[in-house]
Structure formats: C-alpha cells, structure tokens
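Fold and contact review
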Amino acid sequence: MLSFKINNFLSFLNQKKYPFYFFIMGIFFVVYAVILDQIRVYTKLKENNFNSFLKSEEFNNIKDFLFENIKSPYKEYNHIVVDNDTLEKVLKKYNVSNAEINNLISETNKKKLSNISSGAQIQIITKEVKDTKQIVSLFYPIDAITSVEVKRNKDIFDISKTVLKLNKKEIVLSNTIKNNLYSSAVKAGIEPNIIVEFANIFGFEVDFQRDIRRGDTFEIYYEQFLDDNNIVRRTGKIIYASMFVNNKEISLYNFKHNNETGFYDVDGKSVIKTLMKTPINGARLSSSFGMRKHPILGFNKLHQGTDFAAPTGTPIMASGNGVVAMAQKYKGYGNYILLNHNSTFKTAYAHLSKYGRGIRKGVRVAQGQIIGYVGSTGMSTGPHLHYEVIKNGKKINSQRLKLPTGKILSNEARNKFEVERIKIDVRLAKLRKDS
Ligand SMILES: [Zn+2]
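In short, a report on the structure. (Residues numbered from 1 in each chain as written. Predicted model: local features only at pLDDT ≥ 70, side-chain atom pairs only at ≥ 80, totals over all residues. Heavy atoms only, no water.)

A closer look at the overall build of the protein
Scanning the protein from N- to C-terminus turns up 9 helices and 23 strands. Taken over 435 residues, the protein has a buried fraction of 38%. Summarising the internal contacts of the protein: among those between residues at least 6 apart in sequence, 60% fall at separations of at least 24. Accessible area of the protein: about 27000 Å², with a carbon and sulfur share of 54%. (Helix = DSSP H or I, 4+ residues; strand = E, 2+ residues; numbered from the N terminus. Buried < 20%, exposed > 50% of the residue type's maximum accessible area, 1.4 Å probe, protein only. Contact = heavy atoms within 4.5 Å. Areas by Shrake-Rupley, 256 points an atom, 1.4 Å probe, with all protein chains shown as cover.)

See the structure below:
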C-alpha cells in the first residue's frame, strides 16, 4: 500500500508540472509572510491612533468610496436646497419610496419641522430594500439656530430638534454717511434686516432719497443673539435709533404702551403719523371702494379709491406728512397728485381743478396742508375728489384702513416713558464707552 503511494508521488514529481506548483507555493508563502507582518504592525497601533484615523480625511474618503462604489445598500447624499425645494421634492429626487416620504412628511408637518430654505444643506442616508429606498437618517436645518434630526427606528421615525443656545448681547453701532445710508450701515457692521427696520422707523421723519447729505450721521442700539462661537445667529429689537439729518438730531426710543411697541421721540411723540381717512372737509362720501358700474365706461369695474362729492374749489389736504411724487395731468385721473409718506404708504388725489400753492414734484408737505382743490378734470361726471391709499404698491380701502394713531404719550404713560428713556440713555452711554 505504502510503496504504491510513494511510487505514485514520485511519478507525480517526475511529471514536468512540478516546477509550476513549486512556484505557486513560493508565492503563497511570500503573501502569507507579508500579511503576517501587516497584522503585527496593525496590532501595534494604539487605540487613539486608530481613533484619529477614523476621524481623518483619509477615512472619510474611504467611507465615501464605500458608500459610492461598493454595492452597499446604504447611500449618503448631501443636498443643497434651492428655491422651490421642499423636503418632499428632495426625497423624491433621491428615489425614496412614496410611502416612506408620506409617512415622514406627515410626522414633520405635525411637529412643524418641514420648512427648509434655500442654501441649507440636507444630509440624507438611505438604504435600498427590495428595489425601493428607505430613509435611514436625515439631518437638516430649518432656521439659523434650529436643526432637525430624523432617525429610523424599525418602522417609525424618531424626530428630534436641536436649538442652538444663544446669548443676548446689546450693541451700539454708528457711522457717518458717505454715499448712502445702506452702504454706510453695512460698513459699520449692521445686519441688513436691522438697516431695513431702521429705515422704516425713520420713514415718517426722513426722506432717504432727498434729505440725506454726506456727513450726516446715525446710531443704532439693538440686540444681537450670538452662539458659543460668538457668531451672530439672529438679531433682536432696536432699542434706540438716532439720526443727525437736515441739521437736527432726531432720537427715537423703543417703548411699549398698551401692549404695542412703538418708537417715540424725546417729547413722547410717536413717530408713526396716521393718514387721514377723509382728507377734505364738508364732503360727502359718494362712491366707496369696491366693484361698481363705472359712470362713464358703463361696465362693472373695481373702484380702487373712495369718492367724495364736494363743490369745485373745496380745499384738499395732504393726508399725512410726505413728499409730492407727482403733481400733473395723469390719464383719466385728470389733474393728479401722488404723495409718498414712507416706504409703505402713498396717497393719490384725482380730478383736481387746480393745485395748491407751491405744490410740485419733490416738495415736502405736512399733514393737513392744502395741496389742491376739488374739480372734475379727467374721466369724471361731476366735481368730486377721488382719493386712493396705496400700501406697498397695492390700492387699499382707505375707509377700512387701520393705522396706528399719531399719538403723544400723556400722564402716566408719559411718566413711564420718561423713566424708560433715562434707563436707555444710561445704558447707551455705557455701551458707547465700552465699544
Ligand atoms: Zn373715484
């Protein structure tokens, strides 16, 4: 038996193939030695070295490579939100199944955590299950300080919200105007939304197109909210704002009165001046805002103003402080005046017989000042004032307009305001010194 086997073996060696096998065995041995050596090196790696490797860019590259190229059921996407993107649209784009999307969206909607805005980054990890994609996890911000994390937990989603803890800081910034308010304010480091709010507050006092001269100054005292890295995440309210313009200083203080926040000057006078509902005395309202059969055109048309019937020559008043934007013949309106009151409100007066003294484009008018006289010019059947109030470019019903009154604080409110004003002045002086 044994000799038979040996003989067999010898005859095998005698065959010409044996150098080839010997070569294969040699390669195997070399590979084995290299692997053994690598394992030795590997076990020598300290744990913290390994951890730093896990955090390294190299590992991330490997991870990305695994996600992208290996036939793993897991895929990772980083989507930058563009205009019109919704969470639903984004997930559809990455082929997440409809059932999965509906399930998730109804949950995030319930918690009011579905809002995504342009520029935000959404991190999506999906898993392929039987030709459809499931969400494994999602991470996205919904505003500057809040982010949402979604994690799959069997068949339900765990949805959690993280809000950055912010610290409030009061800041005073000022500058001298070189070209325009906006660029000088940006240079001073003031956030755009604060600049817009500042311009609105001063809108009844200052005509930003005409009044501002190089060398005028402004100062804003407001709240910022910073994260732990001292990055401003959002802004709060304006506490005080002042401008030196037209050779005088106007200082305005934030004051809450009857649960309404407003800005008041040093005399306790509100900056917001109301518009008059009826800029004419002794007139009768003859046609109100709304659909009506047009007296000349004969068909139904939206009447976008209010008509006041009055004898020709009846004086018409400026409804509020403002600047004349137009004083000229204008289409069917006949002799026409358009006033700019602030960035929000304009008023228009039509069919005038003549203009008030000195009324022309660019002239500043005060509330109650006579700007023109009733007539019947343009498309009109008889003497009347056609009056329009235009809010943010849209004609609105002046008779239903709810405008804050141009109030002056008195008695107890005035006393409270004085205390608040002094407190603000003291904090302001300290902050100016600190900065
Ligand atoms: Zn009219």
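Structure shown, so let's carry the discussion forward.
Things to note about the sheet that holds strand β19 (residues 354-355)
Reading across the sheet, the 3 strands line up as β15-β21-β19 and stay open at both edges, with antiparallel pairing between neighbours. Each edge of the open sheet carries a strand with a single partner, namely β15 (315-317) and β19. The pairing of β19 with strand β21 (residues 370-373) spans 2 bridges and is classified as antiparallel. By the bridge assignment, tyrosine 355 is partnered in β21 with glycine 372. (Pairing = 2+ DSSP bridges.)

Brief notes about the coordination of the zinc ion
Ideal geometry at a metal centre: 109.5 degrees between donors when four sit tetrahedrally, and 90 or 180 degrees when six sit octahedrally. Of the protein atoms, only His303 (NE2), Asp307 (OD) and His386 (ND1) coordinate the zinc ion, at distances of 1.9 to 2.2 Å. Of note, the donors binding the zinc ion are all from one chain and are spaced H-x3-D-x78-H. Of this pair, histidine 303 sits in strand β13 (residues 300-303) while histidine 386 sits in strand β22 (residues 384-391); the two residues are 83 residues apart in sequence, bridging distant segments of the chain. In terms of burial, histidine 303 and histidine 386 fall into one category: buried. (Donors = N, O, S within 2.8 Å, 3.2 Å for Na, K, Ca; no water.)

Notes on the environment of valine 81
Within the secondary structure, valine 81 is located in the loop between β1 (74-80) and α5 (87-93). Sequence-distant contacts of valine 81, that is, excluding residues within four places in its chain, are made with Ile116, Ser117, Ser118, Gly119, Ala120 and Ile122.

Side note on the nonpolar core
Counting residues in hydrophobic clusters, the biggest one holds 25 residues, and the most contacted among them are Ile190, Phe198, Phe202, Phe218, Ile238 and Met243. Looking at this core, the elements with two or more residues in it are β6 (167-176), α7 (181-187), α8 (192-201), β7 (217-226), β8 (232-245) and β9 (248-257). Formed by 23 residues, the second largest nonpolar core is a distinct cluster that contains Ile101, Ile116, Ile122 and Tyr140. (Core = buried A, V, L, I, M, F, W, Y, C linked by side-chain atoms within 4.5 Å.)

Points about α8
Within the span of α8, buried status applies to Ile194, Ile195, Phe198 and Ile201. One side of α8 holds all its buried residues, which, seen down the axis, span an arc of 120 degrees. Against the buried residues of α8 lie α7, β7, β8, β9 and β10 (260-264). (Arc of directions from axis to C-beta.)

A look at the packing of aromatic side chains
With the rule as written, the count across this model stands at 13 aromatic pairs. When the centroid spacing of 5.3 Å and the interplanar angle of 75 degrees are considered together, the rings of phenylalanine 255 and phenylalanine 417 count as edge-to-face. Note that phenylalanine 255 is positioned in strand β9 and phenylalanine 417 in helix α9 (residues 411-434), a separation of 162 residues in sequence. Exposure remark for phenylalanine 255: the relative accessible area of 7% places this residue in the buried category. The exposure class assigned to phenylalanine 417 is buried, which follows from its relative accessible area of 1%. Both rings, one in phenylalanine 308 and one in tyrosine 387, keep their centres 6.5 Å apart while their planes meet at 45 degrees; by these two values the pair is tilted. (Phe/Tyr/Trp six-rings, centres within 6.5 Å; stacked < 30°, edge-to-face > 60°.)

Here's the deal with the sheet that holds β6
Overall, antiparallel pairing links the 5 strands, which are arranged β6-β7-β8-β9-β10 in an open sheet. Every interior strand has two partners, whereas the edge strands, β6 and β10, have only one. Adjacent strand axes in the sheet meet at a mean angle of 25 degrees when their direction is disregarded. One ladder, built from 6 bridges, connects β8 with β9; its direction is antiparallel. What sits directly across from tyrosine 240, in β9, is tyrosine 253. (Axes fitted to C-alpha atoms, helices over the stretch in contact; angles between N-to-C directions.)

Structural notes on the pattern of salt bridges
Throughout the structure, instances matching the rule amount to 15 salt bridges. Measuring nitrogen to oxygen at the nearest pair gives 3.3 Å for the salt bridge that ties lysine 237 to glutamate 223. A residue pair is termed long-range when its members are at least 10 positions apart, and lysine 237 in strand β8 and glutamate 223 in strand β7 qualify at 14 residues. Among the residues examined, lysine 237 registers a relative accessible area of 42% and is labelled partly exposed. On the basis of relative accessibility, which here comes to 6%, the residue glutamate 223 falls in the buried class. A salt bridge links lysine 430 to aspartate 434, with the nearest nitrogen and oxygen atoms 3.1 Å apart. Taken as a pair, lysine 430 and aspartate 434 lie in helix α9 at a separation of 4 residues, close to a single helical turn. (Salt bridge = Lys/Arg side-chain N within 4 Å of Asp/Glu carboxyl O.)

With respect to α9
Note: α-helices contain 3.6 residues per turn, so residues at a spacing of three or four share the same orientation. Its 24 residues place the ends of α9 35 Å apart at the C-alpha level, agreeing with the 34 Å of an ideal helix rising 1.5 Å per residue. What α9 keeps buried is the set Ala413, Phe417, Arg421, Ile424, Leu428 and Leu431. Its buried side turned inward, α9 meets β6, β7, β8, β9 and β10. (Expected span 1.5 Å × (residues − 1).)

Digging into unusual backbone geometry
For residues other than glycine, phi is negative in most cases, and the peptide bonds are mostly trans. Here asparagine 258, not a glycine, exhibits a phi torsion of approximately 50 degrees, which is positive. Turning to its location among the elements, asparagine 258 is positioned in the loop between β9 and β10. The class of asparagine 258 is exposed, set by a relative accessible area of 67%. Of note in the backbone geometry, histidine 351 takes a positive phi value of approximately 70 degrees without being a glycine. Tracing the chain through its elements places histidine 351 in strand β18 (residues 345-352).

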